[in-house]
Structure formats: structure tokens, C-alpha cells
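Listed here are the chains, written in short residue letters.
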Amino acid sequence: MQLHFSKKAMSLEEGIFAALNAKKNELEARGMTIYNLSVGTPDFEPAQHIIDAVSEAAKKPENYKYALVELPELLEAAQGFFRRRFGLALDQSEIMALYGSQEGMAHLAWALCDPGDVVLVPNPGYPIFRIGPQLCDAQVWEYPLLSQNGYLPRLEEIPEDIARRARFMVINYPGNPVCKAAPESFYRELIAFAKKYEIVILHDNAYADLVFGGRKGISFLSLEGAMDVGIEFYSLSKTFNYTGARASFAIGNREIIQKFKALRTQFDYGTFLPVQYGAIAALTGPFDGVIRQCREYEVRNHTLCQGLREIGWDVPDSEGTMFVWAPLPKGWTDSERFCMDLMERSGVICVPGSSFGSLGEGYVRMALVLPPQKLKEAVESIRRSGILNDGESTG
Ligand SMILES: Cc1ncc(COP(=O)(O)O)c(C=O)c1O
């Protein structure tokens, strides 16, 4: 039988990731030491009290029914957490659980857009920001994030007709892949822009607890007027290493949360109850481990970037996230080709910047998922490979 697939399904190929993975397997089979800096999964573990809460709940047969909604204790835990962590006074009707921010992003446009409506997304940006709206036939308009503008959008450069047609705008600070935090002044400007053009703001705050340089991640909802215009995703994946459990929240404007919740009842029968109990433990438990972990990421960040600078690759330290955004070394312009050659010659795997949008070309993203000693070894392996001395034409 000749199977037919939709244009959407055909357009979402694995692409470079399949090629990177095949090459990785080949090099491993040859016995090469691999430094995999391509993955976005933390190598840190969840705290024991979180694992205990999940395990205890998983032993009880009654926890295997459809959850349907958030446990009242979860909403209460979230309410308390967002008050302590960000100073937010949220009503429980302003909080909802998601199976991860990725899933929330994949579905949000269903609640806010009709086919042809415009969604403003960052380029470069985390791919689901663009793919989510496209899946519901919205029209994506990419706003550029350029290093010379501090990777912040120039709101005044968004054409008037696009701004008028835009239903929502996705922002993400500290951002993946640009590794930049945003100043409060930017959020204030953004809130005014959103009000002027009646654009909903979605702030993906996945890296709120991974901000470096003595700064503390904030919620944009804590700024005046933000609750009128937007919502925020807060994920337990990176803060609590609860990654595989798939637990995240959408918080903010009540009308948006309620409409999104109503739409999701079509496919969301509630987060698995043991996962909810684990989330309660995370949100109500001690937070010092999260702060320590942030410092460890910061040490990794500095170890890697400083090490690369010392061998002649000019890579700036990140301001936040669990990644480093590195401009290609001199002589290289094609990020896919650089990543393949780098892996072949040094065993270091990173993600080509082009997979985050056209303006990601010229960069690679490295994840801080190895301890400092291993990162030093990765740097040494890059030095020994000689790749920084010969560009694309000789590579
Ligand atoms: C910017 C950003 N948002 C969301 C996610 C995914 O979060 P979750 O695990 O909650 O789906 C990631 C994961 O890498 C991310 O980088």
C-alpha cells in the first residue's frame, strides 16, 4: 500500500540530529572517546525527596487512575512556590499543569490562533516556538536576535502591519540557544508593545533558575501590567532535574489559562498522579540544592568558555541556561559541516546553530552536561585536533 503523509509530517524530518547520532555510533564503535555536548538533558539527578515522593505514590494502586486535573495540593504547592520564588500573588485559576513546556508550546497556538494569524518567534530560537504555531497553520514571523543588539528584539523594527496581525509573541530569557538574560527594562518595553498592539506574550522561563554572574532569574509576570498581557511557562525539567517526568506549569493571565485549560481537556487527562506528588515535593522542599546546582553550571560555563578562549576560540561566557552559544572559529562558516568535522576529529559533539533558525548559522550550541574535568578534556581534544587552525577549505 502506498502510504500518504501530510505535508506537515513530511516537513518535520530529524535532519541533522539523525546524522549526528549515526556518526556518534560509528565513532564509538571505533573506540573514540566521545564528549557529548549536544543533549539538553541535565546530567544532575533529582533530589532524593523528589524521587521518594514519586516512588511512594507509585506503590499505591489508586494513583493509576486518570488524574483528570491538578491535585488541589499541587495547585497550592505551586501557588506557594511562585509567591516565594518570584513574589507572585497568583490565584489558583491562574495556574495550570502541562506535560512539559514543550507540549504547552506545541498546543498554545490552538487556543490563540486561527489559520493565517501571525505569531512572533525568535530567530534563532528553540525549534518548538516556530513549529508549534506552524502545526496549527498560523503564520510565523521571525524577529531577529542579533549579538549586536544583545540578543534582544528591536520591537520598533517589527513592521506595523505584522504587529497588528500578531496574536502572540514568544520570548525566552535566559534563552536557548542565545544564552542571554534580559534586563527588566526590556520586559517593561515589551509589556507596553503588547498592550499597544493587543499581542499576548508567552515567556518561556525554562531557565529561570540558571542565571549566572550573581543575578537572579525573575518572572516577567512580577512586572506591572504583565498579568494583563501574558502567561509564562515554568518547567521543573532543568530546575529540579525532573526532566523525564514531564512536569511544567503555565501561569499568568486568567482568561488565557482558563481557555487553554478548556481546550486541553480534549486530550489532557491529567498528569500521572505519582508525577504530581513528585512535583509537590519539589515545589515545597528545600531550594538550596537548586542554588548549588546553578553555581556548578556556572563553573562549567566558565571552565569551558575560558578553556576554549585559551586555545584560540573566542567563546563568550553565557549569562544563563545550561548551554554555551559559540560563534564558529575563524575560517568556518557552515555550522553543520563544522559540527561533523569537530566530532570526527575530536569526539566533541555539539549542535549546529542552523538548527535553531537561519540566524543561528555561524554558531554552535554546546550543553554544559559534563563535569569541569571532562570539559577540560574536551577542550584539550579540540586543541589536539587542530581544527581551530584550519578552516573549512582545508577541513
Ligand atoms: C527554551 C526551552 N523551553 C522548553 C524546554 C523543554 O521544557 P520541558 O522539559 O518542560 O518540556 C527546553 C528544553 O531544552 C528549552 O530549552
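Structure: see above.
Note that this is a predicted model, so its numbers are computed, not measured. (Residues numbered from 1 in each chain as written. Predicted model: local features only at pLDDT ≥ 70, side-chain atom pairs only at ≥ 80, totals over all residues. Heavy atoms only, no water.)

**Points about the packing of helix 3 (residues 48-58) against helix 12 (residues 273-284)**
One can describe the packing of helix 3 onto helix 12 by two numbers: an axis separation of 8 Å at closest approach and a directional angle of 150°. By the angle between their axes, helix 3 is roughly antiparallel relative to helix 12. You can see that helix 3 and helix 12 cross each other, and the crossing is right-handed. Seen from helix 3, the contacting residues are H49, I50, A53, V54, A57 and A58; seen from helix 12, they are P274, Y277, G278, A281 and A282. Tallied by class, the residues present in the contact of helix 3 with helix 12 amount to nine nonpolar, two polar and no charged. (Axes fitted to C-alpha atoms, helices over the stretch in contact; angles between N-to-C directions. Helix = DSSP H or I, 4+ residues; strand = E, 2+ residues; numbered from the N terminus. Parallel < 35°, antiparallel > 145°, perpendicular 65-115°, else oblique. Left-handed = near helix turned anticlockwise from the far one by under 90°. Contact = heavy atoms within 4.5 Å. Nonpolar A, V, L, I, M, F, W, Y, C, P; charged D, E, K, R; others polar.)

**Describing the packing of aromatic side chains**
Counted by the stated rule, this structure contains 23 aromatic pairs. Aromatic side chains F82 and F249 sit 5.9 Å apart centroid to centroid with 85° between the ring planes, which places their arrangement in the edge-to-face category. With F82 in helix 4 (residues 72-86) and F249 in strand 8 (residues 248-252), this residue pair connects regions lying 167 residues apart in the sequence. A relative accessible area of 2% places F249 in the buried class. Over the ring of Y297 we find R300, and its NZ or CZ is 5.6 Å from the ring centre. (Phe/Tyr/Trp six-rings, centres within 6.5 Å; stacked < 30°, edge-to-face > 60°. Buried < 20%, exposed > 50% of the residue type's maximum accessible area, 1.4 Å probe, protein only. Lys NZ or Arg CZ within 6 Å of the ring centre and 35° of its normal.)

**Considerations on the pattern of salt bridges**
All told, the structure shown has 25 salt bridges when counted by the stated rule. Notably, a salt bridge pairs R154 with E157, separated by 3.2 Å at the nearest N-O pair. (Salt bridge = Lys/Arg side-chain N within 4 Å of Asp/Glu carboxyl O.)

**Digging into helix 2 (residues 16-29)**
Given a rise of 1.5 Å per residue, 14 residues ought to cover 20 Å, and the 20 Å separating the end C-alpha atoms of helix 2 matches this to within 8%. Burial in helix 2 covers these residues: I16, L20, K23, K24 and L27. Along helix 2, the residues classed as buried sweep out an arc of 105° about the axis, all on the same side. Buried residues along helix 2 sit against strand 1 (35-36), helix 14 (335-346), strand 10 (348-349) and strand 11 (351-352). Positive phi appears at G31, one or two residues downstream of helix 2, with a value of about 85°. (Expected span 1.5 Å × (residues − 1). Arc of directions from axis to C-beta.)

**Overview of helix 4**
Spanning 15 residues, helix 4 covers 21 Å between terminal C-alpha atoms, matching the ideal 21 Å at 1.5 Å per step. Inspection of helix 4 places L74, L75, A77, A78, Q79, G80, F81, F82, R85 and F86 among the buried residues, and these make up the whole buried set. For helix 4, the elements touching its buried residues are strand 2 (95-98), strand 7 (230-235), strand 8 and helix 12. In the stretch just after helix 4, G87 is the one whose phi turns positive, near 70°.

**Some words on unusual backbone geometry**
Between Y173 and P174 the backbone carries a cis peptide bond, its omega angle lying at -10°. Among the structural elements, P174 can be located in the loop between strand 5 (166-171) and helix 8 (184-197). If you check the backbone angles, D137 has positive phi at about 65° while not being a glycine. Note that D137 resides in the loop between helix 6 (128-135) and strand 4 (139-144). Here D137 falls in the partly exposed class, since its relative accessible area comes to 42%. Located in the positive-phi region is T321, a residue other than glycine, with phi close to 80°. As for its position among the elements, T321 is in the loop between helix 13 (288-310) and strand 9 (323-327).

**A look at the site of the ligand**
Residues in contact with the ligand amount to 14 residues; listed here are only the nearest, D204, Y207, S235, S237 and R246. Within the contact set of the ligand, an oxygen atom lies 2.7 Å away from a side-chain nitrogen or oxygen of R246. The fraction of the free accessible surface of the ligand (400 Å²) that becomes covered by protein chains is 93%. At the level of elements, helix 5 (101-112) and helix 10 (236-239) are the ones that each hand at least two residues to the shell around the ligand. In terms of residue class, the shell around the ligand is built from three nonpolar, eight polar and three charged. (Near = heavy atom within 4 Å. Polar contact = N/O pair within 3.5 Å; in protein donor to acceptor, adjacent residues only side chain to side chain. Areas by Shrake-Rupley, 256 points an atom, 1.4 Å probe, with all protein chains shown as cover.)

**A short note on the sheet that holds strand 7**
Overall, mixed pairing links the seven strands, which are arranged 2-8-7-6-5-3-4 in an open sheet. Looking at strand neighbours, the two that pair on one side only are strand 2 and strand 4, the edges of this open sheet. Across the sheet, the mean angle separating the axes of adjacent strands is 25° when strand polarity is ignored. (Pairing = 2+ DSSP bridges.)

**Looking at the sheet that holds strand 11**
The three strands are arranged 9-12-11 in an open sheet whose pairing can be described as antiparallel. Pairing within the sheet leaves two strands with one partner each, and these edge strands are strand 9 and strand 11.

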